[in-house]
Structures are given as C-alpha cells and as structure tokens.
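Close look at the chain arrangement
Residues per chain, in single letters:
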Amino acid sequence: MNDQRSAAATEPAAAAIAVPEAVTALGAAATDPGRPGGAGDPGAPGAGTWAARRAALAPIALVVAGGLSVQFGSAVAALLMPKAGALGVVTLRLVAAALILLVVCRPKVRGHSRADWATVLAFGVAMGGMNTLFYLALDRIPLGIAVTLEVLGPLVLSVVASRRLVNVVWAGLALVGVVLLGGGGFDRLDPLGAAFALAAGAMWAAYIVFSARTGRRFPQADGLALAMVVAAVLSLPLGVLESGAKLAVPSTLALGAAVAVLSSVLPYTLELMALRRLPAPTFAVMMSLEPAIAAGAGFLILDQALSTTDALAIALVIGASIGAVRSRSGGARREA
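Residues numbered from 1 in each chain as written. Predicted model: local features only at pLDDT ≥ 70, side-chain atom pairs only at ≥ 80, totals over all residues. Heavy atoms only, no water.

Re helix H6 (residues 191-217)
Threshold: The way it works is that DSSP assigns letters per residue, a run of H or I at least four long becomes a helix, a run of E at least two long becomes a strand, and they are numbered from the N terminus. Helix span is expected to be 1.5 Å times the residue number reduced by one. Whenever a nitrogen or oxygen atom comes within 3.5 Å of another N or O atom, the pair is scored as a polar contact, on the condition that within protein one atom can donate a hydrogen and the other can accept it, and that pairs from neighbouring residues in sequence are kept only if both atoms are in side chains.
Along its 27 residues, H6 runs 39 Å from first to last C-alpha, staying within 8% of the 39 Å computed at 1.5 Å per residue. Where H6 begins, the capping side chain belongs to Asp190, and its oxygen is found 2.9 Å from the backbone nitrogen of Leu192.

So this is what it looks like as structure tokens:
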C-alpha cells in the first residue's frame, strides 16, 4: 500500500532506519526542548507548561499529518486509475518516488556485501508487491475497506512475534471485523479485490521485516532509496504493458508525481521526524488508526460512504491492532 509506512500493529519498521540529518533539521526547532528558540527554550516566549505540552503534541501531529497524506494520496491514486490503470499508477508512483529519493539520499552503491544486496532486493520486492497488490485492490473495493484488510498483515505479524495468549483475543476480534466487512462471505465485496488487499497485507508484513534488516545494513535511508529503485524497476514493465503511452501524458505524469509525494516522500519524512520524539508503541498505536483515516479520505474524495456495519468492522480491526500493540509493549516492559 504505502511503501514508507511503518508497522501499523508492530514496532515501526522506519525506526530501524537512521533519520537523515536534513530531515532532522526540519523539525528540530519545534520539537527539541533543548534547542535555542525551540519549544523548551527557557528564553522563548510562552516557555513552561505550554511549551512542554506543545513539544509533546508535535510528534503526534506529525504522525497524523503523515497518515492523512498517505490516505489522501491513495484517494488521488484512485482518481488517476481510470486514466492510467492500477498498474500504471503503481509504476508512476514508484518511479517518481525512486527518483526523488535518489536525489535526496544519494545512496552509495559500493562497499556493500552480497548479503546486503540480497536484503535490499528482498525489501524492494516486498515494497513493489505491497504497492501493486494494494492498488489492484483499490481498483475494486473502497479505500477504507482495502486498508482495513491490508492492516491484517502487520496485525498477524504482531500476534506471532508477541507469542502471548492474550493476542489470540485480538486476532479473534480482527477476524470478527473481517467477517462483518465481507457480509458473512465476501459476497458483498469483490472477492478478487478483497484477496488483493489481504495479499497486500502479507507483503506489508514482509516489508516490515526486510525494512528493519535493511535499516541495520545500510546507513540513513540509503537502503530505502535502493529498494525503491528495485520496486520501480520491477513495476515498470507491468505499468507499460497495461497503460503504454498513457503514462507519458503530462497531466497523468503530474498526478503520478503528486501521488508519489503524498503517499511516499512526505509521510516518510514526517514519520521519521516523529519517531525522533515518539515511543515506538505509541507510534504504532497511532498508525493503527489509518483504516479510519482511509475511510474518511474515501468518503471526502471518492464519495465512498460506509454502512454502519462497515464502520463497526473497521472499528473492530482498529481496536484489535491497538490491543495487540499495547499487549506486546506491555509484555516487553515486564520482560525487561
């Protein structure tokens, strides 16, 4: 779905990637209590309780802004699909994001081992597969439902990683939500679209695993930029085969670039800035709210209204994701 998104029900994958200095500088003055002129500077106007509260809320605002950017970017992508097709939109997004990241990060290609390249290749395949499958789902089912089904991938990963019995309850709660979404048998939804969304969730889980491994092997965001190139190269033949010359239409290129910025570059930057100040479990809980944000974006931009049953189902999956994150973080504190 969103190649820069971190885990929605697990420890955020982006936490494993060092924050580029240029990105850190953008939000340092607003969020660093120790910087002159920053929120906690004793000499700054309004210092004290209000400054501390503002500093605490700043990373939360960044996460919310990142989530809004991702989901509204997906809504724009849905509007672009009639012109360029689902695979064409994926290609435009990944190619544009790869070019932007290459320019910004300027990753080094020398000095890496064969195992390093194998990891970044696997990361790129997971990233490309996640995006392709999600956009294929988005072409068939509403945005909010597609994101809700996709979130099950990280949720399952969280349950498996935690190895705690209580998370079986959260998994069962999510399953009830999925059954409600499918109307008891997915006969109300396009079955292929639902399958694509679930498969995208599985690729999202793989993305989380390989993102963390890539972050340990490559400095800053070099691994991410290189993996994005892999994903773009893999998607390019599919996009050209489906859409051909349509991808070269100036208006289509402009919208594709907008999707790349909204769904990849901007949220990635905002989330990395937030992770400098926000505990990983808190970040993951907030990311669990993305199905609700997606439903809102689908309603406002795509006129995709949800039924009461759909809203309840999405709430159940969100609740299960939050419960799994809290259970996992709580277990980790007790084991520490």
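Some words on the pattern of salt bridges
We count it as follows: Salt-bridge detection follows one rule: a side-chain nitrogen of Lys or Arg within 4 Å of a carboxyl oxygen of Asp or Glu. Type-normalised accessible area, obtained with a 1.4 Å probe on protein chains alone, sets the label of each residue: buried when under 20%, exposed when over 50%, and partly exposed for intermediate values.
In this structure the tally under the stated criterion is 2 salt bridges. Here Arg217 and Asp116 are joined by a salt bridge, their closest N and O atoms 2.7 Å apart. Remark: Asp116 occurs in helix H3 (residues 114-138) and Arg217 occurs in helix H6; sequence separation between them is 101 residues. Taking relative accessible area as the criterion, Asp116 reaches 10% and is therefore assigned buried. Here Arg140 ties to Asp190 by a salt bridge, and the two come within 3.3 Å at their closest N and O atoms. Here the residue Arg140 occupies a position in the loop between H3 and helix H4 (143-162), and Asp190 occupies one in the loop between helix H5 (166-181) and H6, the gap between them amounting to 50 residues. Residue class for Arg140 comes out partly exposed when judged on its relative accessible area of 41%. Of the residues examined, Asp190 reaches a relative accessible area of 27% and is grouped as partly exposed.

Regarding the nonpolar core
Basically, it comes down to this: To qualify as a nonpolar core, a set must consist of buried Ala, Val, Leu, Ile, Met, Phe, Trp, Tyr and Cys residues joined through side-chain atoms within 4.5 Å.
Counting 70 residues, the largest nonpolar core has Met127, Phe134, Tyr135, Leu143, Leu149 and Tyr207 as the members making the most contacts within it. Ranked by residues supplied to this core, first place goes to helix H2 (residues 49-105) with 18 residues.

Quick look at the side chain of Ser235
Along the chain, Ser235 falls in helix H7 (residues 222-243). Judged by its relative accessible area of 4%, Ser235 is buried.

Some remarks on H3
Taking 1.5 Å per residue as the helical rise, H3 with its 25 residues ought to reach 36 Å, and the 36 Å between its terminal C-alpha atoms agrees with that figure. In terms of residue burial, H3 counts as a mostly covered element, since 18 of its 25 residues are buried.

Here we look at the packing of H3 against H6
The following threshold applies: For every element, the axis is a line fit to its C-alpha atoms; helices are fit only across the contacting stretch, and the angle between N-to-C directions ranges from 0 to 180 degrees. Here is the rule for angles: anything less than 35 degrees is roughly parallel, anything more than 145 is roughly antiparallel, 65 through 115 is roughly perpendicular, and the remaining ranges are oblique. Each crossing gets its hand from how the near helix is turned against the far one by less than a right angle, where anticlockwise is left-handed and clockwise is right-handed.
At a minimum axis separation of 7 Å, H3 and H6 run at an interaxial angle of 155°. The angle between the axes of H3 and H6 places the two elements in the roughly antiparallel class. Once H3 is placed against H6, the crossing between them reads as left-handed.

Observations concerning the confidence of the model for the protein chain
A low pLDDT means the predicted coordinates there should not be read in detail. Which entries qualify depends on this criterion: pLDDT expresses how confident the predictor is about each individual residue, on a scale running from 0 to 100.
Put simply, the protein chain has an average pLDDT of 77, and 76% of its residues get 70 or more. Of all the helices and strands in the protein chain, helix H1 (residues 21-31) carries the lowest mean pLDDT, 31, while H3 carries the highest, 94.

Some words on unusual backbone geometry
Even without glycine at this site, Arg106 takes up a positive phi of about 45°. Assignment of secondary structure puts Arg106 in the loop between H2 and H3. Positive phi values are uncommon outside glycine, yet Asp303 reaches one of about 60°. You can call Asp303 exposed: its relative accessible area is 63%.

Details of the environment of Ala78
Within the secondary structure, Ala78 is located in helix H2. A residue is classified by how much of its surface remains accessible, and Ala78, at 16% relative accessible area, is buried. Remark: the alpha-carbon pair of Ala78 and Ile301, spanning 223 residues in sequence, is separated by 9.5 Å.

Let's talk about the packing of aromatic side chains
Each aromatic ring pair is summarised here by two numbers: the centre-to-centre distance and the angle between the ring planes. Filter applied, for reference: Ring pairs shown here join Phe, Tyr and Trp side chains whose ring centres sit within 6.5 Å, with only the six-membered ring taken for Trp; geometry is labelled stacked below 30 degrees between planes, edge-to-face above 60, and tilted in between.
Considering all chains together, one arrives at 3 aromatic pairs under this definition. Here the aromatic rings of Trp117 and Phe218 are separated by 6.3 Å at their centres, their planes lie at 70°, and the arrangement is edge-to-face. Taken together, the positions of Trp117 in helix H3 and Phe218 in the loop between H6 and H7 put the pair 101 residues apart, joining distant regions of the chain. For Phe218, a relative accessible area of 4% corresponds to the buried category.

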